[in-house]
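In case you want the letters, here they are:
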Amino acid sequence: MSLNNVEIPYGAYWSTPFTKWQGSLQHLHAMKFAAWVAKSELAKRDIDPTLFDSGVLGMTNAQYQSFYGAPLPLYELGAVNTPGHMLSQVCATGARGLFAAASEVALGMAETSLLLTADRCSNGAHIYYPAPNGPGGYGQSEDQVTYNMMNDAIAGHSMIQTSENVAKKFDITREELDVVALRRFEQYQDALKDDQAFQKRYMTLPFSVPNAAFRKEACVLTGDEGVFPTTADGLAKLNPVIEGGVTTFGNMTHPADGNASVILATADKARELSRDSAIRINLCGFGQSRTELAHMPAAPIGAAANALKMAGIDYNRVKAIKTHNPFAVNDVAFAKATGVDVMQMNNYGSSMIWGHPQGPTGMRAVIELIEELVLIGGGYGLFTGCAGGDQGMAVVIRVSER
């Protein structure tokens, strides 16, 4: 399969602001909200939703009637005859969705595909699994979001414990993590300069939040909700989450809500849909990996290596790097393993700062990576990130002139 004829039309992508756990988006059905946003964003770009011949929904947390998957949001946004499917790979869902949509275009199954990524960590489903033949007829239950964050399906450890394991493996100190955490907050401030000029390249601001029926305005967001002011002194005062550890609430992310979407198309179609047809955005390579048990933050290292290999380049040719970094440990370990400058990764923001709604997390990072490359005149960019189950997934993109 060749990716040569698969492109992302410049500007044919968007993201909502991300909001904190139990914040301003907690009342919205994630799939319907993604459709509501997409319908508005497509209209702003004069893109007819009936042109899509493929749709992909990336989502990790169950919503009411999510059993039906992609057809529901596709119909609601106006793509009434567009087939599609739903996928989930926890935090790697954004990158996996890109691979799925790109594959359909590359294989000739679609000319234009819409990738929707949506999640709501707030008010996660409480699930009961019946077991009538079990002791007393009792089944099992779980809180889908919170329980699985704290209990790995294989070994029972928490995700925070994986951060501590990788910190120990790479000899990472608390001081190293706090320095990187402060740097990530400072980089995010660059996205807010000049009246949020960088974020407004892909995000509608101010953002009108609908009520649960999508008929009235519930509130207005001026940007991401839940970003905490960060200082060196403030970071130093925090206790580690696990006694004796190095991970604190200051050098890790927080659960969030939101959605992000992107259009993928053939080269000819991408020119038609692009905000600037002189800008070309290619998908050059994908990579995946799985690291040793309970070492999730190390998985992006192998995934990135595989994506670069598929793209036929090395780190010397990479102009910008974005990571899904639920822990500062991710970035420090990645830098130690690859030799890249940890202070130059994640310009303009990252999931450690603006939060982690799971499915859309990597998608927003890729969107920001594209815009950063456009601002610096093009070149190769790398996104890589970890996911539950000690997995990682990465993608290499290239921005160039036609």
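Above this text you will find the structure in question.
So, how was this worked out
- Residues numbered from 1 in each chain as written.
- Predicted model: local features only at pLDDT ≥ 70, side-chain atom pairs only at ≥ 80, totals over all residues.
- Heavy atoms only, no water.
- Core = buried A, V, L, I, M, F, W, Y, C linked by side-chain atoms within 4.5 Å.
- Buried < 20%, exposed > 50% of the residue type's maximum accessible area, 1.4 Å probe, protein only.
- Contact = heavy atoms within 4.5 Å.
- Helix = DSSP H or I, 4+ residues; strand = E, 2+ residues; numbered from the N terminus.
- Polar contact = N/O pair within 3.5 Å; in protein donor to acceptor, adjacent residues only side chain to side chain.
- Expected span 1.5 Å × (residues − 1).
- Salt bridge = Lys/Arg side-chain N within 4 Å of Asp/Glu carboxyl O.
- Axes fitted to C-alpha atoms, helices over the stretch in contact; angles between N-to-C directions.
- Parallel < 35°, antiparallel > 145°, perpendicular 65-115°, else oblique.
- Nonpolar A, V, L, I, M, F, W, Y, C, P; charged D, E, K, R; others polar.
- Left-handed = near helix turned anticlockwise from the far one by under 90°.
- Pairing = 2+ DSSP bridges.
- Right-handed = clockwise from strand over helix to strand, strands pointing away.
- Phe/Tyr/Trp six-rings, centres within 6.5 Å; stacked < 30°, edge-to-face > 60°.
- Lys NZ or Arg CZ within 6 Å of the ring centre and 35° of its normal.
- Patch = residues over 30% accessible without salt bridge, like charges linked within 9 Å, V, L, I, M, F, W, Y side chains within 5 Å.
- Areas by Shrake-Rupley, 256 points an atom, 1.4 Å probe, with all protein chains shown as cover.

Visitor: Account for the nonpolar core, naming residues and giving values.
Guide: The biggest cluster of nonpolar side chains holds 117 residues, and the ones touching the most others in it are I8, Y13, L77, L98, L264, L283 and I370. Not counting residues up to four positions away in its chain, the partners in contact with I370 are I8, Y13, I281, I397 and V399.

Visitor: Describe the environment of K336, listing the residues and the values that go with them.
Guide: The residue K336 is located in helix α10 (residues 328-338) in this model. Its relative accessible area of 40% is what places K336 among the partly exposed residues. For the pair K336 and V209, spaced 127 residues apart in sequence, the C-alpha separation works out to 41 Å. Here K336 is in contact with F170, D171, I172 and E176, once residues within four sequence places are set aside. Polar side-chain contacts of K336 include one of 3.1 Å to the backbone oxygen of F170.

Visitor: With reference to specific residues and values, describe helix α3 (residues 93-106).
Guide: Look at α3: 19 Å from first C-alpha to last across 14 residues, which is about the 20 Å you get at 1.5 Å a residue. Counting buried residues along α3, 11 of its 14 residues qualify, which places the element largely inside the surrounding structure. Taken residue by residue, α3 has T93, G94, A95, G97, L98, A100, A101, A102, S103, E104 and V105 as its buried positions.

Visitor: So what about the pattern of salt bridges? Which residues, and what values?
Guide: The full count for this structure, using the stated rule, is 16 salt bridges. With a shortest N-O distance of 3.3 Å, K336 and E176 are connected by a salt bridge. Highlighted residues: K336 in helix α10 and E176 in helix α6 (residues 174-196), separated in sequence by 160 residues. Owing to a relative accessible area of 26%, E176 belongs among the partly exposed residues under this scheme. As a salt-bridge pair, R364 and D224 come within 2.8 Å of each other at their nearest N and O atoms. Here R364 is found in helix α12 (residues 361-375), whereas its partner D224 is found in the loop between β10 (217-221) and α7 (232-237), with 140 residues between them in sequence. With a relative accessible area of 0%, R364 lands in the buried category. When salt bridges with common partners are traced through the structure, they connect D224, K322, R364 and E368 into a single cluster.

Visitor: Outline the packing of α6 against α10, supporting the account with residue identities and numerical values.
Guide: Remark: α6 packs on α10, axes separated minimally by 9 Å, with the N-to-C direction vectors making an angle of 105 degrees. Between α6 and α10, the interaxial angle falls into the category roughly perpendicular. Residues E176, L177, V180 and R184 of α6 form the contact with α10, whose participating residues are A328, V329, D331, V332 and K336. Residues that form the contact of α6 with α10 fall into these classes: 5 nonpolar, no polar and 4 charged.

Visitor: Could you give an account of the packing of helix α9 (residues 299-311) against α10, naming the residues involved and the relevant values?
Guide: The interhelical angle for the contact between α9 and α10, taken along N-to-C directions, is 50 degrees, at an axis separation of 9 Å. When the axes of α9 and α10 are compared, the pair comes out oblique. Along this stretch, α9 crosses α10, giving a crossing that reads as right-handed. Residues P300, I301 and A304 of α9 touch α10, and the partners they reach there are N330, A333, F334 and A337. Residue composition of the contact of α9 with α10, by class: 6 nonpolar, 1 polar and no charged.

Visitor: I'd love a proper account of the pairing of strand β5 (residues 84-87), names of residues and values included.
Guide: In terms of strand pairing, strand β4 (residues 54-58) meets β5 through 4 bridges, oriented parallel. Paired with V56 across the strands is H85, a residue of β5. Once you follow β4 into helix α2 (residues 71-76) and on to β5, the crossover reads as right-handed.

Visitor: So what's going on with the packing of aromatic side chains? Which residues, and what values?
Guide: Taken as a whole, this structure holds 10 aromatic pairs when the rule is applied. Residues Y315 and F334 carry aromatic rings whose centres are separated by 6.1 Å and whose planes lie at 75 degrees to one another, so their mutual orientation is edge-to-face. Here the residue Y315 occupies a position in the loop between α9 and β13 (318-324), and F334 occupies one in helix α10, the gap between them amounting to 19 residues. Taking the relative accessible area as the measure of exposure, Y315 reaches 23% and is therefore partly exposed. The class of F334 is buried, set by a relative accessible area of 2%. Through a chain of ring-to-ring contacts, the aromatic side chains of F33, W36, F207 and F214 assemble into a single cluster. A cation over an aromatic ring shows up here: R364 above the ring of F18, its NZ or CZ 4.9 Å from the ring centre. Its end group placed over the ring of W354, R364 keeps NZ or CZ at 4.3 Å from the ring centre.

Visitor: Lay out α9 in plain terms, naming residues and giving numbers.
Guide: The terminal C-alpha atoms of α9, which comprises 13 residues, lie 19 Å apart, in line with the 18 Å expected from a rise of 1.5 Å per residue. Those residues of α9 that sit buried are A299, P300, I301, A303, A304, A307, L308 and A311. Among the structural elements, β12 (279-290), β13, α10, β14 (379-387) and β15 (391-401) are those in contact with the buried residues of α9. One or two residues past the end of α9 sits G312, with phi positive at roughly 75 degrees.

Visitor: How would you sum up a nonpolar patch on the surface? Please name residues and give values.
Guide: Together, M1, L107 and M109 line one region of the surface with nonpolar side chains, adding up to about 360 Å² of accessible area. Secondary-structure assignment places M109 in the loop between α3 and β6 (112-120).

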